[in-house]
Amino acid sequence: MPAKPEPSLVVLPRWEMTLYWALSLGSHLYSFYEVHSFSKEHERGLDREFPLDRGFLIWGLKRDAADFEWSFWSDWAKKSLLCSLMGHAAVSRLASVYLPQWHLAILTVYGVLAACNLLGLRGVAVLMLQLSVSLAVAQLHSPALCWGSSLLLLSTLHISSLQDIQRDWYESEDQYYLLLFSVAVCGLRCISFSLEFCWSASGQQQQQQQQQSQCCPLQVGGAQQARRSSSFLSQLYRLCAYCFYHPVFFNGPIIIYRDFSQQMHKPCAGVCGVSAWCVLKSAARVCVWWCVAEALIHCMHMHSIQSNETYLEILPPWALGGLALALVQFFYVKYLVLFGVPSLLVRMDGLEPPALPRCVSIMYSFTGMWRHFDVGLYRWLIRYIYVPLGGSRHGLFRKVLSTALAFGFVCFWHGGHDYLQQWALLNWAGVLLENALSTLLTSAPLSTLLGGPISPSPCWASSTASLR
């Protein structure tokens, strides 16, 4: 029986692709123009309710500073983050050239000192307590206990009494939020390290038991005690090197511990693996993305408009659609900058960072959005939640459960507010619906129908398949 030919992709005619591109760009630009016109028309009202900053990128336009995340990281970049990141690049380069064997230790010391400078000694003490508790629980070699302790540590971020104490440590609210973000991101790294340690220790324990059966019990007991004490300090050092790695310390992107450890201990790690031209080109690209993001909030006061129900109700249809497009496009460009800068430094250290977010305008599915926007977080969720709980290899129920718990953890990690619960529930339902439709459409009757009579070019596709 001849094998069933695989469905072939049909290339649309050039004139049709040109038409689609023209319609897409035209609708984007016109809807953005409508939002810009609405912003200029109601600028005084928006300025009274949400004070607009004085514009600096485009003359005569005010700047919408209502997006907390962009304003927060922009202010910190101007204050000290850019300087500390450039300091990391210089220290890493010097260490890789003159002290390559101490490269990771020097980066760890620099990361701890940079954290002390920005968070203070009390803030670093909180992080060290989090790391120590996670590592101590990991010694029990129980993934369930590691998860339980990590969730308890993350839940302390929402205790109001602790929040008040930590706020009193700092002169400004921004410093407290920097500590909050650092603890949240370090929580992901602690989970990654603890689970990887538990999984690797299970295999090593079997080997040690075989070796101990051939040795004297007294010698084994003394050797084990010495080995455990030195091993704990070595593990604490590796955990600190992973968590305090400065380029991704505050905001990511997330690199799982397995990838970090394997790449950092390669012989080529620490040597600048990219040419000066590539560094300049990547830096220029990040600058262009920053300019695009600033141009968007100069020309369109999108975040102030979305925060006012009255303005949303009187928005013209084209402006309402343009507002939605502008918000998601700004979100995309914002993370190109926030992830682009640390990714460049990570690559200069000889590591491979997660891929940068993919443009949201070419996303057409919930699954694709999760898979290609925050790649580091997606890999983290797949490796530590989705796959250990069964994923797609242990039946429909385990797949639904593991997907639900992955979205539930994302909601909890971001704060667990009501709107986040609704957002996570809708995303979970969207992913399940897409998987159900994908299974249905790939079934034998429908796949034959879709690949035949209603194909964009059935004659061309069938003739191409017959020539294979």
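What comes next is a walk through the structure. Given the structure is predicted, the values throughout are model-derived calculations rather than measurements.

So, how was this worked out
- Residues numbered from 1 in each chain as written.
- Predicted model: local features only at pLDDT ≥ 70, side-chain atom pairs only at ≥ 80, totals over all residues.
- Heavy atoms only, no water.
- Helix = DSSP H or I, 4+ residues; strand = E, 2+ residues; numbered from the N terminus.
- Buried < 20%, exposed > 50% of the residue type's maximum accessible area, 1.4 Å probe, protein only.
- Contact = heavy atoms within 4.5 Å.
- Areas by Shrake-Rupley, 256 points an atom, 1.4 Å probe, with all protein chains shown as cover.
- Arc of directions from axis to C-beta.
- Salt bridge = Lys/Arg side-chain N within 4 Å of Asp/Glu carboxyl O.
- Axes fitted to C-alpha atoms, helices over the stretch in contact; angles between N-to-C directions.
- Parallel < 35°, antiparallel > 145°, perpendicular 65-115°, else oblique.
- Nonpolar A, V, L, I, M, F, W, Y, C, P; charged D, E, K, R; others polar.
- Polar contact = N/O pair within 3.5 Å; in protein donor to acceptor, adjacent residues only side chain to side chain.
- Disulfide = S-S within 2.5 Å.
- Patch = residues over 30% accessible without salt bridge, like charges linked within 9 Å, V, L, I, M, F, W, Y side chains within 5 Å.
- Left-handed = near helix turned anticlockwise from the far one by under 90°.
- Core = buried A, V, L, I, M, F, W, Y, C linked by side-chain atoms within 4.5 Å.
- Phe/Tyr/Trp six-rings, centres within 6.5 Å; stacked < 30°, edge-to-face > 60°.
- Lys NZ or Arg CZ within 6 Å of the ring centre and 35° of its normal.

**As for the overall build of the protein chain**
In step 1: When its secondary structure is counted, the protein chain shows 19 helices and zero strands.
In step 2: In the protein chain, buried positions account for 41% of the 468 residues.
In step 3: In the protein chain, 74% of the contacts between residues at least 6 apart in sequence involve partners at least 24 apart.
In step 4: A total accessible area of about 26,200 Å² is found for the protein chain, and carbon and sulfur atoms account for 65% of it.

**Things to note about helix 9 (residues 257-264)**
In step 1: Within helix 9 the residues assigned to the buried category are Y257, D259, F260, Q263 and M264. Buried positions in helix 9, seen along its axis, are confined to an arc of 165 degrees and lie on one side of it.

**Topic: the pattern of salt bridges**
In step 1: Scanning the entire structure with this criterion turns up nine salt bridges.
In step 2: The partner of K334 in a salt bridge is D67, and the shortest N-O contact between them spans 3.4 Å. Of this pair, K334 sits in helix 13 (residues 317-348) while D67 is found in the loop between helix 2 (43-49) and helix 3 (68-98), placing the two residues 267 residues apart along the sequence. Each member of the pair K334 and D67 is classed as buried.
In step 3: For E173, the salt bridge goes to R167, with nearest N and O atoms at 2.8 Å.
In step 4: Since its relative accessible area comes to 35%, E173 is described here as partly exposed.

**Quick word on the packing of helix 1 (residues 14-41) against helix 13**
In step 1: Where helix 1 contacts helix 13, the axes come no closer than 7 Å and their chain directions differ by 105 degrees. Judged by the angle between their axes, helix 1 and helix 13 are roughly perpendicular. Contacts between helix 1 and helix 13 pair S27, H28, Y30, S31, F32, E34 and V35 from the former with W318, A319, G322, L323, L325, A326 and Q329 from the latter.
In step 2: Here the contact of helix 1 with helix 13 is built from residues that sort into eight nonpolar, five polar and one charged.

**Examining the side chain of D67**
In step 1: A relative accessible area of 13% places D67 in the buried class.
In step 2: Side-chain polar atoms of D67 contact the side chain of H303, separated by 3.5 Å.
In step 3: In terms of polar contacts, D67 uses its side chain to reach the side chain of K334, at 3.4 Å.
In step 4: Ignoring anything within four residues of it in the chain, the contact list for D67 reads H303, F330 and K334.

**A word on the state of the cysteines**
In step 1: A full pass over the atoms with the stated rule returns zero disulfides.
In step 2: Looking at the unpaired C186, the closest cysteine sulfur is the one in C243, lying at 4.9 Å.

**Notes on a nonpolar patch on the surface**
In step 1: A cluster of nonpolar side chains, L12, W15, M17, L19, Y20, W21, L23 and L25, forms an exposed patch at the surface whose accessible area comes to about 860 Å².
In step 2: Within the secondary structure layout, W21 lies in helix 1.
In step 3: Given a relative accessible area of 53%, W21 falls into the exposed group.

**Regarding the packing of helix 10 (residues 276-299) against helix 13**
In step 1: Put simply, helix 10 and helix 13 touch, their axes get as near as 9 Å, and they point 160 degrees apart. By the criterion of interaxial angle, the relationship of helix 10 to helix 13 is roughly antiparallel. Viewed along their axes, helix 10 and helix 13 form a crossing whose handedness is left-handed. Contact residues: V279, S282, A283, V286, W289, W290, V292, A293, L296 and I297 in helix 10; F330, V333, L336, V337, G340, V341, L344 and M348 in helix 13.
In step 2: Taken together, the residues of the contact of helix 10 with helix 13 sort by class into 16 nonpolar, two polar and no charged.

**Points about the nonpolar core**
In step 1: Residues W380 and F409 are the most contacted members of the largest nonpolar core, which totals 98 residues.
In step 2: The element best represented in this core is helix 7 (residues 173-212), accounting for 15 residues.
In step 3: Ranked by size, the runner-up nonpolar core spans five residues in total, among them L85, L344, L345 and M348.

**What about the packing of aromatic side chains?**
In step 1: In this structure the tally under the stated criterion is 29 aromatic pairs.
In step 2: Their ring planes at 75 degrees and their centres at 5.2 Å tell us that Y242 and Y257 sit as a pair that is edge-to-face. Taken together, the positions of Y242 in helix 8 (residues 217-243) and Y257 in helix 9 put the pair 15 residues apart, joining distant regions of the chain.
In step 3: On the basis of relative accessible area, Y242 is assigned to the buried category, the value being 2%.
In step 4: Look at Y242 and F260: their rings are 5.3 Å apart centre to centre, the planes differ by 50 degrees, and that puts the pair in the tilted class. Here Y242, found in helix 8, pairs with F260, found in helix 9; they are 18 residues apart in sequence, far enough to count as distant. Of the two residues examined, Y242 and F260, each falls in the buried class.
In step 5: Each residue in the set F68, F72, W73, W76, Y176, Y177 and F181 is aromatic and connected to the rest through ring pairs, giving one cluster.
In step 6: K79 extends its terminal NZ or CZ atom over the ring of W76, reaching a point 4.9 Å from the ring centre.

**Focus: unusual backbone geometry**
Where the residue is not glycine, phi is negative for most of them; where a peptide bond is considered, it is trans in most cases.
In step 1: Put simply, G252 and P253 share a cis peptide bond, and its omega is 10 degrees.
In step 2: Within the secondary structure, P253 is located in the loop between helix 8 and helix 9.
In step 3: Here the phi dihedral of H141 falls at roughly 60 degrees; this positive angle occurs in a residue that is not glycine.

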